[in-house]
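# Fold and contact review
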Amino acid sequence: MKSVLSFPDRGPWGDSKWRGNCSGHIQRELIEHFKPKLFVDVCEGSGTSRDVCRDLGVEYVGFDLHGLNGAIQNDFTKDFVLSKLSRPADLCFSHPPYHDIVKYSGEVYSGVREGDTSRCLSPEEFIEKSQVMLLNQREATRSGGVYATLIGDTRGGG
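None of the values given here were measured: they were computed from a predicted structure.

## Thoughts on the pairing of strand E4 (residues 89–94)
- Across the 6 residues of E4, 6 count as buried, placing the element largely inside the fold.
- One ladder, built from 5 bridges, connects E4 with strand E5 (residues 141–149); its direction is parallel. Directly across from Leu91, in E5, lies its bridge partner Val146.

Given below as structure tokens:
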């Protein structure tokens, strides 16, 4: 596995119209490298991880703040992920909404949700909520397992 990943296309997984979703090649690389039996995504969104796991024959559980597309509704900034799993994950993945890029609750979805990290008022609030999310992921991962988070950089004004 490489520390810098680049792909010529996003792949057939998930919904490319879903604002902010990542390429399923990332989850595929993680699965091929770590070979999890149970893959958990705590920010499922359009279902990219679900699609990749289905194609690779990996058991999957998805969570999302909005609970769409078969995902279990969950606020990863406070709801205990492990309590909703039959066993800890071998690999627990997240690609959370960044604090100021795409506003999900209240714009993409009706009603503002407290756990929506796209609604953070500052980078500091985003980091604080992300720390809770990361601890939640760690707790949902078996001893010796892996938790991975995809977070890009934000920029503005050019």
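Read on for the rest.
## A closer look at the packing of aromatic side chains
- Summed over all chains, the structure comprises 2 aromatic pairs.
- For the pair Phe39 and Tyr60, a centre-to-centre distance of 6.3 Å together with 25° between the ring planes defines the contact as stacked. Here Phe39 is found in strand E1 (residues 38–41), whereas its partner Tyr60 is found in strand E2 (residues 59–64), with 21 residues between them in sequence.
- Judged by relative accessible area, which is 16%, Tyr60 ranks as buried.
- Ring geometry for Phe39 and Phe93: centres 6.1 Å apart, planes at 35°, overall tilted. One end of the pair, Phe39, is in strand E1; the other, Phe93, is in strand E4, and 54 residues separate them in sequence.

## Topic: the sheet that holds E2
- Reading across from one edge, E3-E2-E1-E4-E5 is the order of the 5 strands in this open sheet, with parallel pairing throughout. Of all the strands in the sheet, the pair left with one neighbour each is strand E3 (72–73) and E5.
- Here E2 runs beside E3; their pairing, made up of 2 bridges, is parallel. Paired with Phe63 across the bridge in E3 is Ile72.
- Packed onto the sheet, helix H1 (residues 24–34) meets E1, E4 and E5 and runs at close to 160° relative to E4.
- In the packing of helix H3 (residues 123–139) onto the sheet, contacts are made with E4 and E5, and the angle to E5 comes to roughly 145°.

## Looking at unusual backbone geometry
- The backbone of Lys35 shows a phi angle near 50°, a positive value even though the residue is not glycine.
- Within the secondary structure, Lys35 is located in the loop between H1 and E1.

## What to know about the environment of Val61
- As for its position among the elements, Val61 is in strand E2.
- When the C-alpha positions of Val61 and Phe39 are compared, they lie 6.6 Å apart, and in sequence the two are 22 residues distant.
- With sequence-adjacent residues up to four places away left out, Val61 is seen in contact with Leu38, Phe39, Val40, Asp41, Ile72 and Leu85.

## Examining helix H2 (residues 48–56)
- Buried residues of H2: Thr48, Ser49, Asp51, Val52 and Cys53, and no others.
- Turning to H2, the residues buried within the fold contact H1, E1, E2 and E4.
- Backbone geometry just after H2 places Gly57 at a positive phi near 70°.

## So, the pattern of salt bridges
- Tallied over the full model, the rule gives 8 salt bridges.
- Note that Asp55 and Arg54 form a salt bridge whose closest N and O atoms lie 3.5 Å from each other.
- Judged by its relative accessible area of 55%, Arg54 is exposed.
- One salt bridge connects Arg138 with Glu139, and the closest N-O pair in it is separated by 3.5 Å.
- Owing to a relative accessible area of 37%, Glu139 belongs among the partly exposed residues under this scheme.
- Bridged by salt links that share partners, the residues Asp51, Arg54 and Asp55 form one connected network.

## A short note on the pairing of E2
- Most of E2 sits out of view: 5 of its 6 residues are buried.
- As judged from the 4 bridges shared by E1 and E2, these two strands associate in the parallel manner. Its bridge partner lying in E2, Phe39 is registered against Tyr60.
- Handedness of the crossover is the feature at issue here: the chain leaves E1, passes through H2, returns alongside E2, and the resulting connection is right-handed.

Analysis parameters
- Residues numbered from 1 in each chain as written.
- Predicted model: local features only at pLDDT ≥ 70, side-chain atom pairs only at ≥ 80, totals over all residues.
- Heavy atoms only, no water.
- Buried < 20%, exposed > 50% of the residue type's maximum accessible area, 1.4 Å probe, protein only.
- Helix = DSSP H or I, 4+ residues; strand = E, 2+ residues; numbered from the N terminus.
- Pairing = 2+ DSSP bridges.
- Phe/Tyr/Trp six-rings, centres within 6.5 Å; stacked < 30°, edge-to-face > 60°.
- Contact = heavy atoms within 4.5 Å.
- Axes fitted to C-alpha atoms, helices over the stretch in contact; angles between N-to-C directions.
- Salt bridge = Lys/Arg side-chain N within 4 Å of Asp/Glu carboxyl O.
- Right-handed = clockwise from strand over helix to strand, strands pointing away.

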